[in-house]
Amino acid sequence: MAELRRGGLLGTKVRLRALERADLEQLRAWVNDPEVMRFSNTLRPISDVEQARWLEAAVSSAHAVWFGIEDARRGQPTLVGTCCLVDIDGVGRKAELRIRIGDPDAWGGGLGTEACQLLVRHAFDALNLERVWLRVFDHNARALRLYQKLGFVVEGTLRRHDFVDGAWRDTVLLGLLREDAVRAAPARARGRRA
Ligand SMILES: CC(C)(COP(=O)(O)OP(=O)(O)OC[C@H]1O[C@@H](n2cnc3c(N)ncnc32)[C@H](O)[C@@H]1OP(=O)(O)O)[C@@H](O)C(=O)NCCC(=O)NCCS
C-alpha cells in the first residue's frame, strides 16, 4: 500500500499510476485509432464530451480500479496504455481485467505482461480478490499468449459472440485463481514458457 500511495505500482518497465484529466486527449486518440481498436468492438468515433464523461465515471466508480500504464524506462515517463479491474465484486471476490497498450510501437516489448503482473498482484494482495477473469477475441494471439503465460486458464468459449471488423469471432473466457497465480510465478521467474 505504501508503494501505491507514493503514486503508483512500479515494475522494472512500467509504472501503473492514476489516470488524470491531462490524459484525456491521448486516451481519446487511442480509442479512435482503428489499429489500436482492432481487438475491441467499437462502432463509432468517440467525442471529447463522451471521453470526458467516461473518464469521470471510470475514476469515480466504487467497483473499478483504473490505471494509466507509463513506460518507466523512457527519460520522460510516457503514458502508453491503460489497464483496469472492473466489476469488482466484494462478496464473490472477483473482478474482470482489461488492458490496452495504446501505442502500437510499444507492442511486443513486454510492457503488457508486466502491467498485467502488477495488476494481478494488486488484485490478490491489496484487494484480496480470489479470482481475476477476462475475455478476449479468439484471433488476438498476442493477448492470449500473455494471459496464459501468467497462468490464466481457458474456461470457455462463447461461439460467434461478436462481429468484429466484418467477421464473426469467438470470445474466449479465461480465469486466474489466486493459486494459479502462485503456481505460475516460479515458472516466470525461471523465464520458462508456461
Ligand atoms: C495485448 C497487449 C496488452 C499485449 O501487451 P504487449 O506489451 O504487446 O505484449 P508482451 O510483449 O508483454 O507479450 C506478448 C507475448 O505474446 C507473444 N506474441 C506476440 N505476437 C504474437 C502472435 N502474433 N502470436 C502469438 N504470440 C505472440 C510475444 O512473443 C510475447 O510472449 P513471450 O513473452 O513469451 O515472448 C497489447 O499488445 C495490446 O494492448 N494490444 C491492443 C489491445 C488489446 O488487444 N488488448 C487486449 C484485449 S483482451
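For every chain, the first residue of the written sequence is number 1, and numbering continues from 1 onward in sequence order. Whole-chain, interface and lining totals are the exception, using all residues; otherwise, since this is a predicted model, local features are given only for residues with pLDDT of at least 70 and side-chain atom pairs are given and counted only at 80 or more.

### Concerning unusual backbone geometry
Here is the rule we go by: Helix and strand labels come from DSSP, where a helix needs a run of H or I of at least four residues and a strand needs a run of E of at least two; each type is numbered from the N terminus. Exposed residues have 12 or fewer other C-beta atoms within 10 Å of their own C-beta, buried residues have 20 or more, and residues in between are partly exposed; the C-beta atoms are placed from the backbone.
Within the chain, Arg160 stands out as a residue other than glycine whose phi angle is a positive 45°. Considering the arrangement of structural elements, one finds Arg160 in strand E7 (residues 153-164). Since 11 C-beta atoms lie within 10 Å of it, Arg160 is described here as exposed. Within the chain, Asp165 stands out as a residue other than glycine whose phi angle is a positive 50°.

### What to know about the sheet that holds strand E5 (residues 94-101)
Strands belonging to one sheet form pairs held by backbone hydrogen bonds; the direction of such a pair is parallel or antiparallel. Quick note on the threshold: At least two bridges found by DSSP between two strands is the condition for calling them paired.
Spatially, eight strands are ordered E1-E2-E3-E4-E5-E6-E8-E7 in an open sheet, and the strand pairing comes out mixed. Strands with a single pairing partner mark the edges of an open sheet, and in this sheet they are strand E1 (9-10) and E7. By the bridge criterion, eight bridges tie E7 to strand E8 (residues 167-177) in an arrangement that is antiparallel. In the strand pairing of E8, Val164 is matched with Ala167.

### Structural notes on helix H4 (residues 111-126)
What counts here: The span expected for a helix works out to 1.5 Å for each residue beyond the first.
Under the 1.5 Å per step criterion, the end-to-end length of H4 is 21 Å for 16 residues, consistent within 8% with the ideal 22 Å. Residues of H4 that are buried include every one of Leu111, Gly112, Ala115, Cys116, Gln117, Leu118, Leu119, Val120, His122 and Ala123, and no others.

### Let's talk about the nonpolar core
One recurring pattern in soluble globular proteins is that nonpolar side chains are buried together. Note the threshold: Working definition: the nonpolar core is a set of buried Ala, Val, Leu, Ile, Met, Phe, Trp, Tyr and Cys residues, joined through C-beta atoms within 7 Å. By definition, residues are in contact whenever their C-beta atoms, placed on the basis of the backbone, come within 7 Å of each other.
Within the largest apolar cluster, 33 residues are counted, with the highest numbers of intra-cluster contacts made by Leu16, Ile69, Cys83, Ala115, Leu119 and Val120. Looking at this core, the elements with two or more residues in it are strand E2 (14-17), strand E3 (65-71), strand E4 (78-89), E5, H4, strand E6 (131-137), E8 and helix H6 (178-189). Ranked by the residues each element gives to this core, the list is headed by H4, at seven residues. In contact with Ile69, not counting residues within four places along its chain, are Val14, Leu16, Val80, Gly81, Thr82, Cys83, Ile101, Leu111 and Ala115.

### Points about the pairing of E5
Threshold: Assignment of crossover handedness uses the view with strands pointing away from the viewer, where a clockwise path from the first strand over the helix to the second indicates a right-handed crossover.
Here seven bridges tie E4 to E5, and the two strands are oriented antiparallel to one another. The residue of E5 that forms the bridge with Thr82 is Arg100. Taken together, E4 and the strand that follows it, E5, pair antiparallel across an intervening segment of four residues, in which Arg93 is found at a positive phi of about 50°. Of the pairings in the sheet, the one linking E5 to E6 comprises three bridges and is parallel in character. Directly across from Ala95, in E6, lies its bridge partner Val132. Taken together, E5, H4 and E6 constitute a β-α-β crossover, and its handedness is right-handed.

### Quick word on the environment of Trp107
Within the element layout of this structure, Trp107 appears in the loop between E5 and H4. Sequence separation of Trp107 and Ala184 is 77 residues, and the distance between their C-alpha atoms is 23 Å. Ignoring any residue separated from it by four or fewer positions in sequence, one finds Trp107 in contact with Ile101 and Arg142.

### With respect to the site of the ligand
To keep it simple, the criterion reads: Residues are classed as near a molecule or strand if the C-beta position derived from their backbone is within 6 Å of it. Throughout this entry, Asp, Glu, Lys and Arg are counted as charged residues, while Ala, Val, Leu, Ile, Met, Phe, Trp, Tyr, Cys and Pro are counted as nonpolar. The remaining residues, Gly among them, count as polar.
Contacts to the ligand come from 22 residues, most closely from Ile101, Gly112, Thr113, Ala141 and Arg145. Secondary structure elements with two or more residues in the shell around the ligand: E5, H4 and helix H5 (141-149). Ranked by residues supplied to the shell around the ligand, first place goes to H5 with six residues. Each residue belonging to the shell around the ligand can be placed in one class, and the counts come to ten nonpolar, seven polar and five charged.

### So, the environment of Ala18
With respect to the helices, strands and loops of the structure, Ala18 is situated in the loop between E2 and helix H2 (24-31). In this structure the C-alpha to C-alpha distance between Ala18 and Ile69, which are 51 residues apart in sequence, comes to 8.8 Å.

### Considerations on the packing of H2 against helix H3 (residues 48-60)
Going by this rule: Throughout, an axis means a line fitted to C-alpha atoms (over the contacting stretch in the case of helices), and angles, computed between N-to-C directions, take values from 0 to 180 degrees. Each angle is binned into one of four classes, with values under 35 degrees roughly parallel, values over 145 roughly antiparallel, values of 65 to 115 roughly perpendicular, and all other values oblique. Crossing handedness is read from the near helix: turned anticlockwise from the far helix by less than a right angle, it gives a left-handed crossing, and turned clockwise, a right-handed one.
Direction vectors running N to C along H2 and H3 enclose 110°, while the axes themselves pass 10 Å from each other. In terms of orientation, H2 and H3 fall into the roughly perpendicular class. The interaxial crossing formed by H2 with H3 has right-handed handedness. On H3, the residues that touch Leu24, Leu27 and Arg28 of H2 are Asp48, Gln51, Ala52 and Leu55. Grouping the constituent residues of the contact of H2 with H3 by class yields four nonpolar, one polar and two charged.

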